[in-house]
Amino acid sequence: MSEEFSYVTGQASLPAHIHLPQFSGIFSTQETARSVAADDFGHYVHRLPLAVLQPGSFDDIVRVVQFARQHGLKIAPRGQSHSTHGQAQVEGGIIIDTASLNTIHALHTDRVDVEAGVLWSTLLRTTLEQGLTPPVLPDYLDLSIGGTLAVGGIGGTSYRYGAIVDNVLELQVVTGEGKLETCSPNHQPELFAAVLAGLGQCGILVKATLRLIPAKNDARVFHLFYSDLAALIHDDKTLIRDGRFDYVQGYVLPTPRGEWSYVLEVVSFYTPPADQLDNARLLGGLNFMAGTEQIEERSYFNFSKRVVAQAAVLKEKRVWHHPHPWLDMFVPASEVEHYVSAALTDISPSDFGLLPVLLSALNASCFRSPLLRLPTEETVFAFDILRTVTPNPEVVAKAVAHNRQLFERNRALGGTHYPISTIDLSHTDWERHFGLVWEQFLHAKQRFDPDNVLTPGQGIFPI
Ligand SMILES: Cc1cc2nc3c(=O)[nH]c(=O)nc-3n(C[C@H](O)[C@H](O)[C@H](O)COP(=O)(O)OP(=O)(O)OC[C@H]3O[C@@H](n4cnc5c(N)ncnc54)[C@H](O)[C@@H]3O)c2cc1C
């Protein structure tokens, strides 16, 4: 382990008189395991747990939750810990590292049963062997399924299929009461709704049944360059309305000259020779700078896992381990141009880092999971400022304070946030965030996690 990941400062341990349950997996109080669990992709918040459980079975999770209830300990499930503000951490509690829940169970022609710790890359490789794919994938496939379903899951096909949580058929969950339950829209619907995009507050997701659709073999990828933000926004809205491309994702990228550039990445999935694509028809009527478009052919799998390859480059350059004070929001379409251009003037492209700003239009009516909060307009924009900064606490603190300003400005315009961001939120902020569904969420919390054991790192319910 490198020095920069060593956060263990004390010898915190479980009191000697406490008898641990028997686990079939590994329950570790080792410094290394605890130290790794006190970090995430933000590399800014570090909360040291007492122990880390790598469950050998769902029963291990039942036992550890009952144990935590009995002894007044907190628990946080941890997928790949790619959230950026301690959301999957717990000070003095127990981390459940779901990576050991890594089995893909039954694969059918329209659905798959998969454990929470499986990565999207592993799942996709398996489903593609049968010519199938989840309708929506995250851009980065090395996220855990459980961690993604806990937050919502957005990808370039979301404008058509909604969030990843909108494509879940059934769940198995260990509730905060320490009970293993099965739920779906027809069976225990309150639990189902409370777990999808439920930020780990009511239950630990252990297995999910996900919808699958037939996959195409290939991807024709178009990069369209725009002279300004307004033109990008205009075409993004057109494309999610007419649906001519399968995948639509907007980017604002820093240029080497220290300016912002505007790009739409649009993709048609197809299987030749049955599907014939007509580039002129696909690009007709759009407002990109004619002649600057770039067109490339990839396999569907290769396109879907492109960010894993980009991450490998960033890991090699060591910037993957720098702080990432990200801000992820949903902005109402009526406000997006004004809001985003103001936000971008506050940020210097030259010290932004190597990741992009994402800006993508979505049809809100495709999003059905109540806990994933979107603005009330029919068209909304996902706006993600994927900033990388130097590992200097002052620089990070400044970015976090700026995130808070941008968050408040967006909220005043009727916007919401995607809760993987680096922002400090109070209990009241969360109550406002959940708005009309707050009472329902609170009721579910009291019912399924009556001792408030689960996932304190989100900061939703006072400890
Ligand atoms: C490089 C990169 C690319 C990304 N791309 C996308 C993208 O395209 N689309 C998108 O939507 N998001 C994206 N994200 C954000 C990502 O989806 C979230 O951070 C997600 O939570 C990450 O999954 P994880 O396995 O790392 O979860 P973690 O960060 O480990 O957990 C997230 C939250 O869920 C809880 N949790 C974890 N597992 C479970 C479980 N089994 N049951 C209940 N609660 C659980 C945790 O306690 C925590 O509160 C990206 C993040 C990174 C760093």
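Since this is a predicted model, take the numbers as computed values, not measurements. (Residues numbered from 1 in each chain as written. Predicted model: local features only at pLDDT ≥ 70, side-chain atom pairs only at ≥ 80, totals over all residues. Heavy atoms only, no water.)

### Quick notes on the nonpolar core
1) Next: Among the nonpolar cores identified, the biggest contains 118 residues, and Leu149, Leu171, Leu210 and Phe383 are the most heavily contacted of them.
2) Next: Among the elements that make up this core, the one with the highest residue count is strand 14 (residues 260-270) (seven residues).
3) Next: Once you skip the residues sitting within four places of it in the chain, phenylalanine 383 turns out to touch Leu327, Asp328, Met329, Val331, Tyr339, Val340, Ala343, Val357, Leu358 and Leu359.
4) Next: Core analysis: the second largest hydrophobic core is formed by 24 residues, Ile18, Leu73, Ile94 and Leu454 among them. (Core = buried A, V, L, I, M, F, W, Y, C linked by side-chain atoms within 4.5 Å. Buried < 20%, exposed > 50% of the residue type's maximum accessible area, 1.4 Å probe, protein only. Helix = DSSP H or I, 4+ residues; strand = E, 2+ residues; numbered from the N terminus. Contact = heavy atoms within 4.5 Å.)

### Here's the deal with the packing of helix 11 (residues 336-345) against helix 12 (residues 393-412)
When two helices pack together, you describe them by how their axes are tilted relative to each other and by the distance separating the axes.
1) Next: Packing of helix 11 against helix 12 leaves a shortest axis separation of 11 Å and a crossing angle of 170°. The angle between helix 11 and helix 12 falls in the class roughly antiparallel. On helix 12, the residues that touch Tyr339, Ala342 and Ala343 of helix 11 are Leu406, Phe407, Arg409 and Asn410. (Axes fitted to C-alpha atoms, helices over the stretch in contact; angles between N-to-C directions. Parallel < 35°, antiparallel > 145°, perpendicular 65-115°, else oblique.)

### Section: the pattern of salt bridges
1) Next: Per the stated rule, a full pass over the model turns up 18 salt bridges.
2) Next: Close ionic contact of glutamate 265 with arginine 306 constitutes a salt bridge, the shortest N to O distance being 3.7 Å. With glutamate 265 in strand 14 and arginine 306 in helix 10 (residues 306-316), the pair connects residues that are 41 residues apart, well separated along the chain. The same class applies to glutamate 265 and to arginine 306, which are both buried.
3) Next: Ionic pairing is found between aspartate 429 and arginine 411, a salt bridge with its closest N-O pair at 2.9 Å. In this pair, aspartate 429 sits in helix 13 (residues 427-434) while arginine 411 sits in helix 12, placing the two residues 18 residues apart along the sequence.
4) Next: One salt-bridge network, in which partners are shared between bridges, spans Arg404, Glu408, Arg411 and Asp429. (Salt bridge = Lys/Arg side-chain N within 4 Å of Asp/Glu carboxyl O.)

### Describing the sheet that holds strand 12 (residues 218-226)
Remark on secondary structure: sheet strands pair via backbone hydrogen bonds, oriented parallel or antiparallel.
1) Next: Ordered by their spatial adjacency, eight strands build an open sheet running 15-12-14-13-17-18-16-19, and the pairing between neighbours is antiparallel. Two strands in the sheet have a free side with no partner beyond their single neighbour: strand 15 (294-299) and strand 19 (416-417).
2) Next: Where strand 13 (residues 247-254) meets strand 17 (residues 357-363), two bridges bridge the pair, whose relative direction is antiparallel. Bridging across to strand 17, valine 252 finds its partner in valine 357. (Pairing = 2+ DSSP bridges.)

### As for the confidence of the model for the protein chain
1) Next: On average, residues of the protein chain score 94 in pLDDT, and 97% of them reach the 70 mark or higher.
2) Next: In this model, residues 1-11 is a region of pLDDT below 50 whose contacts with residues beyond four sequence positions or in other chains number 21 contacts. (pLDDT = per-residue confidence, 0-100.)

### Digging into the side chain of asparagine 403
1) Next: The topology assignment puts asparagine 403 in helix 12.
2) Next: A relative accessible area of 0% means that asparagine 403 is categorised as buried.
3) Next: A distance of 3.3 Å separates a polar side-chain atom of asparagine 403 from the backbone oxygen of proline 325.
4) Next: Among the polar contacts made by the side chain of asparagine 403, one reaches the main-chain carbonyl oxygen of threonine 422 at a distance of 3.0 Å. (Polar contact = N/O pair within 3.5 Å; in protein donor to acceptor, adjacent residues only side chain to side chain.)

### A closer look at the sheet that holds strand 9 (residues 180-183)
1) Next: Read from one edge to the other, the open sheet built from five strands follows the order 5-6-10-8-9, with strand pairing classed as antiparallel. Where the open sheet ends on each side, the last strands, each with one partner, are strand 5 (104-107) and strand 9. Here the average twist between neighbouring strands, direction ignored, is 15°.
2) Next: Examined bridge by bridge, strand 8 (residues 168-175) and strand 9 share four bridges and lie antiparallel to one another. Paired with leucine 171 across the bridge in strand 9 is cysteine 183.
3) Next: Contacting strand 5, strand 6 (111-115) and strand 10 (203-211), helix 3 (residues 120-128) runs over the sheet at an angle of about 30° to strand 5.

### A look at helix 10
1) Next: If you check which residues of helix 10 are buried, you get Arg306, Val307, Ala311 and Leu314. End-on view of helix 10: buried residues confined to an arc of 135°, all on one side of the axis.
2) Next: Against the buried residues of helix 10 lie strand 13, strand 14, strand 15 and helix 9 (300-304).
3) Next: With its phi angle positive at about 75°, arginine 318 sits one or two positions after the end of helix 10. (Arc of directions from axis to C-beta.)

### As for the domain arrangement of the protein chain
1) Next: The domains assigned to the protein chain are domain 1 (3-7 + 22-98), domain 2 (104-214) and domain 3 (218-417).
2) Next: Distance between the C-alpha centres of domain 1 and domain 3: 32 Å.
3) Next: Contacts between domain 1 and domain 3 engage eight residues on the former and ten residues on the latter.
4) Next: Each partner contributes to the roughly 830 Å² buried at the junction of domain 1 and domain 3, and carbon and sulfur atoms together form 62% of this total.
5) Next: If you sort the residues of domain 1 by the area they bury against domain 3, Phe41, His43 and Tyr44 come out on top, with a joint share of 58%.
6) Next: Along the contact surface separating domain 1 from domain 3 lie three residue pairs in polar contact (both at pLDDT 80 or more).
7) Next: Class assignment of the residues belonging to the side of domain 1 that touches domain 3 gives a composition of three nonpolar, four polar and one charged. (Domains from an automatic or database assignment. Buried area = accessible area lost by both parts, 1.4 Å probe. Nonpolar A, V, L, I, M, F, W, Y, C, P; charged D, E, K, R; others polar.)

### Considerations on the site of the ligand
1) Next: Around the ligand, the structure places 34 residues, and the nearest of them are Pro77, Ser83, Asp139, Ser144 and Tyr418.
2) Next: Between the ligand and the protein, one listed contact pairs an oxygen atom with a backbone N or O atom of histidine 82 at 2.7 Å.
3) Next: One of the side-chain nitrogen or oxygen atoms of glutamine 458 is found 2.9 Å away from an oxygen atom of the ligand.
4) Next: Counting only elements with at least two residues in the shell around the ligand, the list comes to strand 3 (75-78), helix 4 (145-151) and strand 10.
5) Next: By residue number, the principal contributor to the shell around the ligand is helix 4, which donates five residues.
6) Next: When residues are assigned to domains, the shell around the ligand turns out to be shared by domain 1 (3-7 + 22-98) and domain 2 (104-214), each giving three or more. (Near = heavy atom within 4 Å.)

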